[in-house]
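Overview (structure and organization)
Listed below, chain by chain, are the residues.
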Amino acid sequence: MPDWEKATRGAVNVEVASHLRYLLDSGRTLRVKLGIDPSSPDIHLGHTVVLEKLRDFQELGHQAVLIIGDFTARIGDPSGQSATRRPLEEAEVEANAATYLEQVFKVLDRDQTEVRHQSEWFTGMSLAEVLRLAGKVTLAQITTREDFRKRIEAGSPVGLHELMYPLMQGYDSVAVRSDIELGGTDQLFNLMFGRDLQREHDQPPQDVITMPLLEGLDGIQKMSKSLGNYIGVTEPAAEMFGKLMSVPDELISRYMRLAAGMPEDDVQEFERAMATGANPRDAKVALARAVVTRFHSGADADAAQEAFAAQFKRGENPEAMDEVPKSQFSSGRTVASALQDAGLAKSLSEARRLISQGGVRVDGRPVTDVNYLFDPTPGAVLQVGRRRFARVVEG
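What comes next is a walk through the structure. Here the structure is a predicted model, which is why all the values come from computation and not from measurement.

Moving on, we come to the overall build of the chain. A tally of regular secondary structure across the chain gives 19 helices and 11 strands. Within the chain, the fraction of its 395 residues that count as buried is 45%. In the form shown here, the chain has an accessible surface area of approximately 18900 Å², with 49% of it arising from carbon and sulfur atoms. Averaging the coordinates of the 46 positive side-chain charges in the chain and doing the same for the 58 negative ones gives two points 3 Å apart.

Here it is as structure tokens:
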């Protein structure tokens, strides 16, 4: 595959395309920057989209530069949120970053990755230096960022430290002399801002590549741990396989390209098959096998597929499920109350909604009556959806 095609495959924005092509043809080893946010210890498939692009550059022989945003995490990174994010303690940031890095190297080549921390250049910066840096940007420039503009228009508070964040991320590019910066489409403003700061520091402005944001399992919102629509890269193989089998049909191709990295010819073959009436389940199996193999192994993919077939095709319950003591239930209660008692629903209203939607089974039998009475005899099994089970035990 030509360098240009590999470098830009799947990208949404390429700024500036003609200059990037020139760089790729120059034979230089380029410094390709990606900043990561250590506000959480875990990464999910949504994070891997841009990590895979960085891996593409590694395979082309370029230098990956991974920036740990340890300084911005400690002051409260806005990151497109509708409100100010809670600043993290230094120990929390360090612990998150350590775990995050171990997971990142499931995708990146550790030996070809230069890991840098923002604190290297920000911790010792004097107030005078901060003010000189701030003097290189105007308030009008910063407030064109969409999330800031919306919050200001809505009368919501925007901290002065938050307005500094794009400036700080941009300065990261100056500090590491970045040739190219990668990010999600929601980061385009900050990435382009880095170009301006590099010019101000007499450096060639970096080129910018943004990658799509992967939708979560709900098929609507971007994948996010806080929304519960994510697939973590360290989840057990069977759980990962089961979640991927629940991907909405209309997102199968997108997941194949962005999360599984499947060859384009294979993706198009599945698309043609589904367009002519093939069962989307076959495509989902291929997707699930590809992702599980990627983050676990082929043997784990085999076992996960067999476990899925046993549980859902043959109607068998999983060997391991939550056990709830009989004493935790009140005899004669409705199945809605039992779901709440067993921790399978957060409230009675949620339990009733699950029942009315046909998502609840008792001992393998569908229950659609919200007033159905549940007898918590030991061995009875409650099921919500395809993956959540609870078995009644003595006690």
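On we go from here.
Okay, the sheet that holds strand S8 (residues 360–362) next. Read across the open sheet, the 5 strands follow the order S7-S11-S10-S8-S9; overall the sheet is mixed. Of all the strands in the sheet, the pair left with one neighbour each is strand S7 (322–325) and strand S9 (365–366).

Before going further, it helps to examine helix H11 (residues 165–176). For H11, with 12 residues, the first-to-last C-alpha span of 17 Å sits near the 16 Å given by 1.5 Å per residue. With respect to burial, H11 is a largely interior element, 11 of its 12 residues being buried. Looking only at H11, the buried set comprises Tyr165, Pro166, Leu167, Met168, Gln169, Gly170, Tyr171, Asp172, Ser173, Val174 and Val176.

With that settled, consider the pattern of salt bridges. Throughout the structure, instances matching the rule amount to 23 salt bridges. Residues Lys33 and Glu181 are paired through a salt bridge, measuring 3.1 Å at the closest nitrogen-oxygen approach. Note that Lys33 is positioned in strand S2 (residues 31–36) and Glu181 in strand S5 (residues 180–184), a separation of 148 residues in sequence. The two residues Lys33 and Glu181 agree in class, both being buried. The salt bridge involving Glu59 is made with Arg55; its shortest N-O contact spans 3.4 Å. Of the two residues, Glu59 and Arg55 both sit in helix H3 (residues 45–59), 4 residues apart, roughly one turn of that helix. Under the relative-accessibility criterion, Arg55 is labelled partly exposed at 25%. Where salt bridges share partners, they join Lys6, Arg9, Lys53, Arg55, Asp56 and Glu59 into one cluster.

Another point: the sheet that holds S2. Pairing within the open sheet is mixed, and its 6 strands lie in the order S1-S6-S5-S2-S3-S4. Looking along the sheet, the strands with just one partner apiece sit at the ends: strand S1 (13–15) and strand S4 (113–117). Going from strand to strand, the sheet's axes swing by 20 degrees on average, the running direction of each strand aside. Here 2 bridges tie S2 to S5, and the two strands are oriented parallel to one another.

Since the α-helix advances by 3.6 residues per turn, residues separated by three or four positions end up pointing in the same direction. Between its first and last C-alpha atoms helix H15 (residues 264–275) spans 16 Å; for 12 residues at 1.5 Å apiece the expected length is 16 Å, and the two agree. Following H15 by one or two positions, Gly277 adopts a phi angle in the positive range, close to 105 degrees.

Turning next to the nonpolar core. Counting 60 residues, the largest nonpolar core has Leu45, Leu182, Leu244 and Tyr255 as its most contacted members. Here this core gets 7 residues from one element, more than from any other, and that element is helix H16 (residues 280–295). Not counting residues up to four positions away in its chain, the partners in contact with Leu244 are Leu45, Ile231, Tyr255, Lys284, Leu287, Ala288 and Val291.

Here strand S10 (residues 381–384) shows two buried faces, one formed by Val381 and Gln383 and the other by Leu382 and Val384. Pairing analysis gives 3 bridges linking S8 to S10, with the strands arranged antiparallel. For Val362, the partnering residue across the bridge sits in S10 and is Leu382. Here S10 runs beside strand S11 (residues 388–393); their pairing, made up of 4 bridges, is antiparallel. Within S11, the position partnered with Val384 by the bridge is Arg388. Count of turn residues in the S10/S11 antiparallel hairpin: 3 residues, of which Gly385 carries a positive phi of about 65 degrees.

Turning to the packing of aromatic side chains, a few remarks are in order. Following the criterion strictly, the structure yields 6 aromatic pairs and no others. Pairing Phe71 with Phe122 gives two aromatic rings, centres 5.5 Å apart and planes at 40 degrees, and the pair type is tilted. Here Phe71, found in helix H4 (residues 70–75), pairs with Phe122, found in helix H6 (residues 119–122); they are 51 residues apart in sequence, far enough to count as distant. Both rings, one in Phe241 and one in Phe308, keep their centres 5.7 Å apart while their planes meet at 55 degrees; by these two values the pair is tilted. Here Phe308 lies in helix H17 (residues 298–313) and Phe241 lies in helix H13 (residues 237–244), a separation of 67 residues in the sequence. Between Arg21 and the ring centre of Trp4, over which it is positioned, the NZ or CZ distance is 4.2 Å. When the ring centre of Tyr230 is taken as reference, the NZ or CZ atom of Lys243 above it lies at 4.6 Å.

Quick look at unusual backbone geometry now. A cis amide bond links Glu15 with the next residue in sequence, Val16, at an omega value of 5 degrees. Mapping Val16 onto the fold places it in the loop between S1 and helix H2 (17–26). Notably, Arg177 is not glycine yet its phi reads approximately 50 degrees, a positive angle. Here Arg177 lies in the loop between H11 and S5.

Cut-off values and rules
Residues numbered from 1 in each chain as written. Predicted model: local features only at pLDDT ≥ 70, side-chain atom pairs only at ≥ 80, totals over all residues. Heavy atoms only, no water. Helix = DSSP H or I, 4+ residues; strand = E, 2+ residues; numbered from the N terminus. Buried < 20%, exposed > 50% of the residue type's maximum accessible area, 1.4 Å probe, protein only. Areas by Shrake-Rupley, 256 points an atom, 1.4 Å probe, with all protein chains shown as cover. Lys, Arg positive; Asp, Glu negative; His and termini not counted. Charge placed at Lys NZ, Arg CZ, Asp CG, Glu CD. Pairing = 2+ DSSP bridges. Expected span 1.5 Å × (residues − 1). Salt bridge = Lys/Arg side-chain N within 4 Å of Asp/Glu carboxyl O. Axes fitted to C-alpha atoms, helices over the stretch in contact; angles between N-to-C directions. Core = buried A, V, L, I, M, F, W, Y, C linked by side-chain atoms within 4.5 Å. Contact = heavy atoms within 4.5 Å. Phe/Tyr/Trp six-rings, centres within 6.5 Å; stacked < 30°, edge-to-face > 60°. Lys NZ or Arg CZ within 6 Å of the ring centre and 35° of its normal.

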